[in-house]
Amino acid sequence: MKSRLAQAKINLALHVTGKRDDGYHLLDTLVCFASPVSPHACDEVRMETAARDSFSISGPGAADLANTQGNLILDALEALRRRGHGVPPVRVELVKNLPVASGIGGGSADAAAALHLANELLPQPLDASALSEVAASLGADVPMCLHGQPLRATGIGEELTPVALPQLHMVLVNPRQAVSTPTVFKALNTVHHAPMAPLPSACDNWTSWLAGQRNDLQEAAMGLCPPIGHVLDALNATPHLELARMSGSGATCFGLYPSAADARRAADALATAHPDWWSVALQTEPSPGAL
Ligand code: C5P
């Protein structure tokens, strides 16, 4: 059975710069992804050809998906088949580690991993741009998740530019409360914020640049889900924290630390103090060639 990690997506900054007529918001966002060396910050999708289609979910987050209808992985297979790409019957297994509806793109990353795996089974695999087009039909975040490397995303999240970002040492914390992305967008007071400041060159201090950027969804999400504020307070109280911010539409927040050891100690302390929260230390995937 072939397997692929579906890496958590972290919005290091997320600026809302406008709104399209169809209701989707224009974004300027810097994203990075959990490195495969941190598999606990990734879901896993497994796929093999079979006599008929089947889909099963296991892992610590499986129970959260038990009551949801459908799954973006099945939508991904259906999208390929509808376009005439002959995906054979497949057995698919999802190992769900990431909290659902949590601002770190779990469902989108699962769909992206399924697209990669299904593409490998096609007699004529799609090229990167055709696969990205199918991904965009599944959700605004799915194309970026196909890449799994640091990107700046504009448009509604589908216009992607690689960014030279080093590996970051990070803690992700989720208070285990699902947050609805459309509800957060609807709660915004204004949708006309400035885009991100010009990106620094690869050798500059990313943390100080990031400190000058924002997540424009954070305030609205905190209004709808006050525990986000508690998570940020708890991250801010950990030793050596460089920056704490919410990712995506929440409720997951990230903390940046100068070393893997600092991040691990912070995650351990948070897990002890808040056993009901999801807290993990991870490394992010650096840009190709970056340190
Ligand atoms: O594309 P996706 O299905 O992931 O988006 C979920 C919802 O989030 C959309 O229906 C929309 O309400 C909101 N959204 C938005 N602007 C974006 C991305 C998502 O308004 N750029």
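Note: the structure precedes this text.
Residues numbered from 1 in each chain as written. Predicted model: local features only at pLDDT ≥ 70, side-chain atom pairs only at ≥ 80, totals over all residues. Heavy atoms only, no water.

A closer look at the packing of aromatic side chains
- Scanning all chains against the criterion turns up one aromatic pair.
- With 5.6 Å between their ring centres and 80° between their planes, Trp206 and Trp209 make a pair best called edge-to-face. In this pair, Trp206 and Trp209 are both assigned in helix H7 (residues 206-211), three residues apart and thus about one turn of the helix distant.
- By relative accessible area, Trp206 is classed as buried at 5%.
- Take Trp209: its relative accessible area is 11%, and that puts it in the buried class. (Phe/Tyr/Trp six-rings, centres within 6.5 Å; stacked < 30°, edge-to-face > 60°. Helix = DSSP H or I, 4+ residues; strand = E, 2+ residues; numbered from the N terminus. Buried < 20%, exposed > 50% of the residue type's maximum accessible area, 1.4 Å probe, protein only.)

Details of the packing of helix H3 (residues 106-120) against helix H4 (residues 128-138)
- Between H3 and H4, the shortest axis-to-axis distance is 11 Å and the interhelical angle comes to 145°. Considering the relative orientation of H3 and H4, their crossing is right-handed. Residue-level inspection shows Ala111, Leu115, His116 and Asn119 of H3 in contact with H4, the latter providing Leu131, Val134, Ala135 and Leu138.
- Here the contact of H3 with H4 is built from residues that sort into six nonpolar, two polar and no charged. (Axes fitted to C-alpha atoms, helices over the stretch in contact; angles between N-to-C directions. Left-handed = near helix turned anticlockwise from the far one by under 90°. Contact = heavy atoms within 4.5 Å. Nonpolar A, V, L, I, M, F, W, Y, C, P; charged D, E, K, R; others polar.)

Quick notes on the sheet that holds strand S9 (residues 169-174)
- An order of S10-S11-S9-S12 is seen for the four strands of this open sheet, with the pairing classed as antiparallel. Bordering the open sheet on either side are strand S10 (243-246) and strand S12 (278-283), each of which pairs with just one other strand. Geometrically, the sheet is characterised by an average inter-axis angle of 20° between neighbouring strands, direction not taken into account.
- Pairing between S9 and S12: six bridges, direction antiparallel. Bridge assignment links Asn174 to a residue of S12, and that residue is Trp278.
- The strands touched by helix H9 (residues 227-236) are S9, S10 and strand S11 (253-257); relative to S11, the strand with the most contacts, the crossing angle is about 10°. (Pairing = 2+ DSSP bridges.)

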